[in-house]
Structure formats: structure tokens, C-alpha cells
Amino acid sequence: MIRLFVPRDSFALALDADAVAARITAEARERKLDIVVVRNGSRGLAFLEPLVEVDTPMGRMAYGPVTVADVASLFEAKFHEGGKHPLAHGRTDAIPFLKNQQRLTFARCGLTDPLSLADYQAHGGFAGLAAALKKSPADIVAEVTASGLRGRGGAGFPTGIKWQTVLNAAEPEKYICCNADEGDSGTFADRMLMEGDPFLLIEGMTIAGLAAGAREGFLYIRSEYPQAIATMVRACELAQAAGFLGQSIQGTNHSFSLHVRTGAGAYICGEETAMLESLEGKRGMVRAKPPIPALEGLFGKPTIINNVLSFAAVPDILARGGAAYQALGLGRSRGTLPFQLAGNVKQGGLVELAFGPSLRSLINDFGGGTASGRPIRAVQVGGPLGAYLPEAALDTPLDYEAFAGASAMLGHGGVVVFDDTVDMGLQARFAMEFCAVESCGKCTPCRIGAQRGVEVIDRLRASENPAANLALLKDLCQTMTDASLCAMGGLTPMPVLSALSHFPEDFQPAAKAAE
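As the structure is a computational prediction, the values presented were derived from the model and not from experiment.

Caption draft 1: Fine view of the sheet that holds strand E3 (residues 52-56). Spatial ordering of the open sheet is given by E2-E1-E3-E4-E5, a layout of five strands whose pairing is mixed. Of all strands in the sheet, those with a lone pairing partner are strand E2 (35-38) and strand E5 (88-91), marking the two edges. Neighbouring strand axes in the sheet, compared pairwise and without regard to direction, differ in orientation by 25° on average. As defined by bridge partners, strand E1 (residues 2-5) adjoins E2 across four bridges and the pair is classed as parallel. By the bridge assignment for E2, Phe5 is matched with Val38.

Caption draft 2: Here's a closer look at the state of the cysteines. Tallied over the entire structure, the rule returns zero disulfides. Here Cys109 is not cross-linked by a disulfide; its sulfur's nearest cysteine counterpart is in Cys178, at 15 Å. Look at Cys109 and you get buried, because its relative accessible area is 2%. Here Cys269 is not disulfide-linked; the sulfur of Cys440 is the nearest cysteine sulfur, at 9.0 Å.

Caption draft 3: Fine view of the pairing of E1. Where E1 lies against E3, two bridges are found, and the strand directions are antiparallel. By the bridge assignment for E3, Phe5 is matched with Glu53.

Caption draft 4: Looking closely at unusual backbone geometry. The amide bond that connects Glu49 to the next residue, Pro50, takes the cis arrangement and shows omega of -10°. Relative to the helices and strands, Pro50 resides in the loop between E2 and E3. At the junction of Pro290 and Pro291, the peptide bond is cis and its omega measures out at 5° in the coordinates. Take Pro291: it is sitting in the loop between helix H12 (272-279) and strand E9 (303-307). For Asp16, which is not glycine, the phi torsion reads 75° and is therefore positive.

Caption draft 5: Structural view of H12. Most of H12 sits out of view: six of its eight residues are buried. Among the structural elements, strand E6 (175-180), strand E7 (216-221), strand E8 (257-262) and E9 are those in contact with the buried residues of H12.

Caption draft 6: Spotlight on the sheet that holds strand E13 (residues 349-354). Strand order across the open sheet formed by five strands is E13-E12-E16-E14-E15, with mixed pairing between neighbours. Strands at the two margins of the open sheet, each flanked by one partner only, are E13 and strand E15 (388-390). Mean inter-strand twist for the sheet, computed between neighbouring axes without regard to direction, equals 30°. One ladder, built from four bridges, connects strand E12 (residues 336-343) with strand E16 (residues 414-419); its direction is parallel. Each bridged residue has a counterpart across the sheet, and for Gly343 the counterpart in E16 is Val417.

Caption draft 7: View of the side chain of Thr273. When you line up the elements, Thr273 lands in helix H12. With a relative accessible area of 1%, Thr273 lands in the buried category. Within the structure, Thr273 has its side chain in polar contact with the side chain of Glu271 (distance 2.5 Å). Within the structure, the side chain of Thr273 is placed 3.0 Å from the backbone nitrogen of Arg287, a separation counted as a polar contact. Residues in contact with Thr273, not counting those within four places in the same chain, are Met285, Val286, Arg287, Lys289 and Pro293.

Caption draft 8: Seen up close, the pattern of salt bridges. Applying the stated criterion across every chain yields a total of 34 salt bridges. With a shortest N-O distance of 3.1 Å, Glu224 and Arg222 are connected by a salt bridge. With a shortest N-O distance of 3.1 Å, Glu237 and Arg234 are connected by a salt bridge. Linking Glu237 with Arg234, this pair stays in helix H11 (residues 226-241), spanning three residues, or about one helical turn. Glu237 sits in the partly exposed class, given a relative accessible area of 44%. In this structure Arg234 comes out as partly exposed when scored by relative accessible area, which is 40%.

Caption draft 9: Highlighting the pairing of E7. The buried count for E7 comes to five of six residues, which makes it a mostly enclosed element. As paired elements, E6 and E7 share six bridges and run parallel to each other. Opposite Cys177, over in E7, you have Phe218 as the bridge partner. Sheet analysis places E7 next to E8, joined by six bridges and oriented parallel. The residue of E8 that forms the bridge with Glu216 is Ser257. A crossover links E7 with its parallel partner E8, the connecting element being H11, and its sense is right-handed.

Quick notes on the rules
Residues numbered from 1 in each chain as written. Predicted model: local features only at pLDDT ≥ 70, side-chain atom pairs only at ≥ 80, totals over all residues. Heavy atoms only, no water. Pairing = 2+ DSSP bridges. Helix = DSSP H or I, 4+ residues; strand = E, 2+ residues; numbered from the N terminus. Axes fitted to C-alpha atoms, helices over the stretch in contact; angles between N-to-C directions. Disulfide = S-S within 2.5 Å. Buried < 20%, exposed > 50% of the residue type's maximum accessible area, 1.4 Å probe, protein only. Contact = heavy atoms within 4.5 Å. Polar contact = N/O pair within 3.5 Å; in protein donor to acceptor, adjacent residues only side chain to side chain. Salt bridge = Lys/Arg side-chain N within 4 Å of Asp/Glu carboxyl O. Right-handed = clockwise from strand over helix to strand, strands pointing away.

Below, the structure is given as C-alpha cells:
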């Protein structure tokens, strides 16, 4: 029997992968070939989706991007035996985009049927949980601390410290919450992992439950991810039926239940306390801190809150030891981060690397430069509230401290590329407008400041009293940075000030046009 793989990931589905899979099945039937089509996750090579793979004695062979119209010619070329074809890329793991990565978190994604427990275990799944079940909570936390893992959601806070705080809390009732409300522009790693390797997230959250002494966890997924929601719900059902969730996990006296909850489309619920409000059935609004959620979180109880990539890194840390994870990266940035290449880039997709290479290397060596072929003018890293870096700053190492030193942030690892046709004044305006629309409205600097920011930028671009309005914009940004209740308002000035610093000419196009 020949095994073919056609992704069920949203990348591929958006490009008609279901129709491709159906056509392959029908064509095989007509040719009386014994073929089974496995719907796997994505390998992250978005520029080649739908990427169809074939199991052969030489390894998995890749063909893509495949359309329905290509299927007949693929069979004629005997692609099901690894035959040559214009869409052939040779062995999947030898494609440079994939071969040159350092995959830990995404090592399994695209290899397996996402909802097959047998596949998951055959590729090392639940080894971390097995190790954790033999350790005390303190020893689990010590392993995570030794790994140097920092939160992959944006702030880069040490995960071990957060877990230790919850472990030390005297309350008998505690919770684990995963923030999967991935709303940053140019990011898709959370979605890709939930759709392609859901048991990994379940395993990571369960280990967190063992570490903290929590018996319940909640996975909060953005409503715009229907495939991820359906996959995670089904994966939880399968894990519970197999004894990896629920009562007496794998015959031990440990219990952990996991519930999937759907957000309602509010970007602000990506902020941890607004997410907690939403989980409690309230309007998603930011809470004042202190108290921190590690002490008073969901329903007022101590709560570990991490994002998908943080929890997903944990099973490997427990399986191989914290020291192995700590050995990757540089400085205080340890392990790997899945970077997501998007925007005006030739080869978009997911690139997991140990911290350290330059932003230029990521864009050129993996992304192949701009899709337009024009020079890069700016790159935004870290979502819509991240700084815009000019071409001259592309040699900045991919490292938390290096980016902080450049008045920027790595955030969730989203990288959006712009060529030299971009209007950076409009991009800065978009940051303020985005904040005005998505603000929860609880604090004045964010609610009112963002709207005033849009107005001031409009006056600047119309060349109305430029000196006074420039001073006003900078003062407004300082107020939002210092006085906003959360990072929504506090970080909105970052893209604005970076654009203003590196591309000042774009803020007075009317004056430039009049020259």
C-alpha cells in the first residue's frame, strides 16, 4: 500500500487541499492503485502548499504546490513511486527551507496524522509526560527553570519563575490556562501547531498541571481558528479516552482535565488578564496588576498562564532534560523560537531556529528576499505593536536582549517584510488606528490616546503646523507608554516612534510633494 500525505492545515485548505485530496483518491481508484491518503499537518512551507508527500523507500518525497489540475500528470509521472515531475522537490527533509532549521517544537508537525495517538507516540510523544509522572512537582519546575525557557508570547518572562510562584501558592485549587488567542499580524505558529500536532500542547499543559498541583486547565482559542478548535476538541477526547487526560493519568494518582474555550474575536483577549475575564464569562477587559495571575488568576485562584509555544516546548524539556534545551541559543535567550515569515517575502512560512542568527539571514536565506524583487525598506517584528526596523538594522541578532537594545521586540516571532514602495507614515497611522479599534476602553491613555494619535498623524501628513504636531505626537506616545494599564496602549507607540525615527520623510508627504 502506498501512503500519500495531503495537509489538512489551514494553509493548504485555503488553497483547495480538500479538492486535491479528493482528486488523488478518485484518480487512484480509476487507475486501480492501492493508495491511502493521510491528512497530515503542515510542514510550514507555506509557499509550496498544498505540499503533497509520498512515502517511498528513499524517504518522503515532496511535490508542490499541487492543484487539482496537476493530479493526472503527477500520476502519469508515477509520483506515487517518487517519479520526476516539474512540481517535484526531492526528499522533503532535504528541501533547504526545512533542512536548515533546528526543529524541536515543530519536529513532528507535518510528519504525522494529527489525530493519531499511535503516530504521536511512535514519534516520541508523551515521553515528556512519562518522565514528569516520575518526578515531584518541584523537580518538574526545576527542570523547566534549568532549561532557560522564557514565555514565547511576547514579554519573554522566565517560565520557571512563573511556575514556581504558582507551585508555592498555598491555595489548594489552581488552574492552567493556555492563551491561544493568536491575533498578531503575520503570526500563525499557534494555529499551525494546534492543527498539526495537538497532542503536544495537551502533553505540555498536563505537565504544567503536574508541576503546579492543578487539576483543571483551559485552552482559550481565537474564534477565527475553526480548524484548530475542532482539532483540539477531538484531540482532548482521544487523549482522555486513552488515559492521558482525566482521572488517574496513565494509572497514577494524578488527575488533569482540559477544556477548550472559544474567544469572540477581541484582540485584547490576547492580554492574559482580559483572557481570564473572558473565560469567567465577563467582557474581555484588562485587570489592574497586582495581584498577578500567578497568585490570583482564574476565578481568583493561582494560575499558570502561558501561550501555545511555551507549553509546547515543555515535553521536549522533560524528555531530554533542561540542559539539552539550555545548550541551544545565546545569552539569556535559550532554546528555539518558531519565526513566522510573512508580508512581501518570496518564501513565506514557519522557520524554527535557535536564537542567534540575524534577521537578515532569516529573511534572505529562508525567505528568499522580497516577493516583488524590490529592495527591503522595513521589517516589522513582533506583531502590529512591534517596531519597524530599517534595512540597516537587519543584522540585529534574533535575541530578546539584542532586540530590546534596538528599541524593538521579538514578541511571538512574527516577521512581516515591506519593500521600498511602503508608506511608513501610513503604517504608523495604522498602529494608532488598530489600537483605537481594539482597545478594551478601560484606561484613558489607550482609549483616547490612540484616537488622538490618528488625528495628529493625519495633521502631520497634511503638513499642518508640523513642528507643533510632531512634538505633540511624541508627547502623546510618552503618555501612552508610561500610563496605559496594559501592553496594548503601552506598546502602540513602539511602531509609531520607530517609523518616525527611521522614516521621518513619510510623515510629511504633502510637503514633499509641494517641493
